[in-house]
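Architecture at a glance
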Amino acid sequence: MLQGKAFLVTGAGGALARAVIPALHQAGARLFLSDPRGERMAERAKEYGAQTFVADLTRLEEALALARFVEGQAPLFGVVHTVGGFAAGRFLDSDPGLYDWLLDLNLRTTSNLLRATLPYMEARREGFFAAVAAGTAWTGAGPHRALYTMAKTALASLLRSLQGEVEGVRFLLLYPMGTLDTEANRKAMPEADPSRWIAPELLAEAILLAATARGGRLLELPIYPPI
């Protein structure tokens, strides 16, 4: 389906990337992985024959260098951006630094990556860019997670706006409408029932479906838990 097409997966050492990388590999994509820490993605790169690039995407110059690296190897067709951060709590009790942290990880990384990769894809009038928002960004409100909701809503608004500016590139916004079933979440919530959570593989399937679709400029998909 994606035979030989170059795909960049960011946050390649993370839980969502663990599902996305094999899905793209099985579809025939040529994989490029990025993460701020090289050791987090080394094993996955070896398993799937991917090339890696260590980059902190909160820094524009590193995002630009990453895009140049991929383009130096193959024409970049798709980007799956999984970098993000989460925090919950009452807004009035939050540390002032949390504002910058959540905006940096969720919005600044996305903005920098878009600036770095879209010029290549737009020049060819072909490309795909997927990012992960949040269920609270879909509903428009997130009590006890207001700053997180703000950052993810801004991310979604950015991609919605760009689909009217950028020619030839399809955008995908995913909205997990519940908790993702990850090792970190299981450790953080040992009393919870993970059967009510969303499998990362479900998001990977949605990404693959959108990447192989024909036509369209923007897809927005809420992904619900099984129960």
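The following refers to the structure shown. As the structure is a computational prediction, the values presented were derived from the model and not from experiment. (Residues numbered from 1 in each chain as written. Predicted model: local features only at pLDDT ≥ 70, side-chain atom pairs only at ≥ 80, totals over all residues. Heavy atoms only, no water.)

**Some words on the pairing of strand β3 (residues 51-54)**
For strand β2 (residues 30-35) and β3, the ladder comprises four bridges, and the chain directions are parallel. Counterpart to Ser34 in the pairing with β3 is Phe53. Handedness of the crossover joining β2 and β3 through helix α2 (residues 38-48) is recorded here as right-handed. (Pairing = 2+ DSSP bridges. Helix = DSSP H or I, 4+ residues; strand = E, 2+ residues; numbered from the N terminus. Right-handed = clockwise from strand over helix to strand, strands pointing away.)

**Section: the sheet that holds strand β7 (residues 218-223)**
The strand order across the open sheet formed by seven strands is β3-β2-β1-β4-β5-β6-β7, and the pairing between neighbours is parallel. For this open sheet the edge positions go to β3 and β7, each flanked by a neighbour on one side alone. Averaged over all pairs of adjacent strands, the angle between their axes in this sheet comes to 15°, without regard to strand direction. Relative to β2, strand β1 (residues 6-10) runs parallel, the two being bridged by five bridges. In the sheet register, Leu8 faces β2, and the bridge partner there is Phe32. Relative to the sheet, helix α3 (residues 60-73) contacts β1, β2, β3 and β4 (76-81), its axis offset from that of β3 by approximately 160°. Helix α8 (residues 200-212) contacts β1, β4, β5 (127-132), β6 (169-176) and β7 of the sheet and is inclined by roughly 160° relative to β6. (Axes fitted to C-alpha atoms, helices over the stretch in contact; angles between N-to-C directions. Contact = heavy atoms within 4.5 Å.)

**Let's talk about the nonpolar core**
Leu2, Phe7, Leu24 and Phe128 are the most contacted members of the largest nonpolar core, which has 36 residues in total. Broken down by secondary-structure element, the contributors of at least two residues to this core are β1, α1 (15-26), β2, α2, β4, β5, β6 and α8. Not counting chain neighbours up to four residues away, the residues in contact with Leu2 comprise Phe7, Leu24, Ala27, Gly28, Ala29, Phe77, Leu208, Ala211 and Thr212. (Core = buried A, V, L, I, M, F, W, Y, C linked by side-chain atoms within 4.5 Å. Buried < 20%, exposed > 50% of the residue type's maximum accessible area, 1.4 Å probe, protein only.)

**Quick notes on α3**
With 14 residues, α3 should cover 20 Å at 1.5 Å per step; its first-to-last C-alpha distance of 20 Å lies within 8% of that length. Those residues of α3 that fall on the buried side of the exposure criterion are Ala63, Leu66, Ala67, Val70 and Glu71. Taken around the axis of α3, the buried residues stretch over an arc of 130°, which confines them to a single face. Looking at the buried residues of α3, the elements they touch are β1, β2, β3, β4 and α4 (97-124). (Expected span 1.5 Å × (residues − 1). Arc of directions from axis to C-beta.)

**Observations regarding the packing of α4 against helix α6 (residues 146-162)**
Helices that pack against each other are described as a pair by the angle of their axes relative to one another and the distance between those axes. It is the contact of α4 with α6, at a shortest axis distance of 8 Å, that shows an interaxial angle of 15°. Here α4 is positioned roughly parallel relative to α6, judged by the angle of their axes. Handedness of the α4/α6 crossing: right-handed. In contact with Leu98, Tyr99, Leu102, Leu103, Asn106, Leu107, Thr110, Ser111, Leu114 and Leu118 of α4, α6 contributes Leu147, Tyr148, Met150, Ala151, Lys152, Ala154, Leu155, Leu158, Leu159 and Leu162. Broken down by class, the residue content of the contact of α4 with α6 amounts to 16 nonpolar, three polar and one charged. (Parallel < 35°, antiparallel > 145°, perpendicular 65-115°, else oblique. Left-handed = near helix turned anticlockwise from the far one by under 90°. Nonpolar A, V, L, I, M, F, W, Y, C, P; charged D, E, K, R; others polar.)

**With respect to α6**
Along its 17 residues, α6 runs 24 Å from first to last C-alpha, staying within 8% of the 24 Å computed at 1.5 Å per residue. Every buried residue of α6 is accounted for by Leu147, Tyr148, Thr149, Ala151, Lys152, Leu155, Ala156, Leu159 and Leu162. Considering only its buried residues, α6 is in contact with α4, β5, α5 (135-139) and β6.

**Observations regarding unusual backbone geometry**
At Arg125, a position not held by glycine, the phi torsion is positive, near 55°. Following the sequence through the fold, Arg125 ends up in the loop between α4 and β5. Its identity is not glycine, yet His144 carries a phi of approximately 70°, on the positive side. Along the chain, His144 turns up in the loop between α5 and α6.

**Description of the packing of aromatic side chains**
One pass over the structure, following the stated rule, counts seven aromatic pairs. Ring geometry for Phe7 versus Phe77: centroids 5.6 Å apart, planes at 55°, classification tilted. Highlighted residues: Phe7 in strand β1 and Phe77 in strand β4, separated in sequence by 70 residues. By the burial criterion, Phe7 is buried, and Phe77 matches it. Relative to Tyr148, the ring of Phe86 has its centre 4.8 Å away and its plane inclined at 85°; by these criteria the two rings are edge-to-face. Of this pair, Phe86 sits in the loop between β4 and α4 while Tyr148 sits in helix α6, placing them 62 residues apart in sequence. Take Phe86: its relative accessible area is 45%, and that puts it in the partly exposed class. The class of Tyr148 is buried, set by a relative accessible area of 12%. An aromatic cluster of at least three residues, connected via ring pairs, comprises Phe7, Phe77 and Phe128. When the ring centre of Phe77 is taken as origin, the NZ or CZ atom of Lys5, which lies over that ring, is 4.5 Å away. (Phe/Tyr/Trp six-rings, centres within 6.5 Å; stacked < 30°, edge-to-face > 60°. Lys NZ or Arg CZ within 6 Å of the ring centre and 35° of its normal.)

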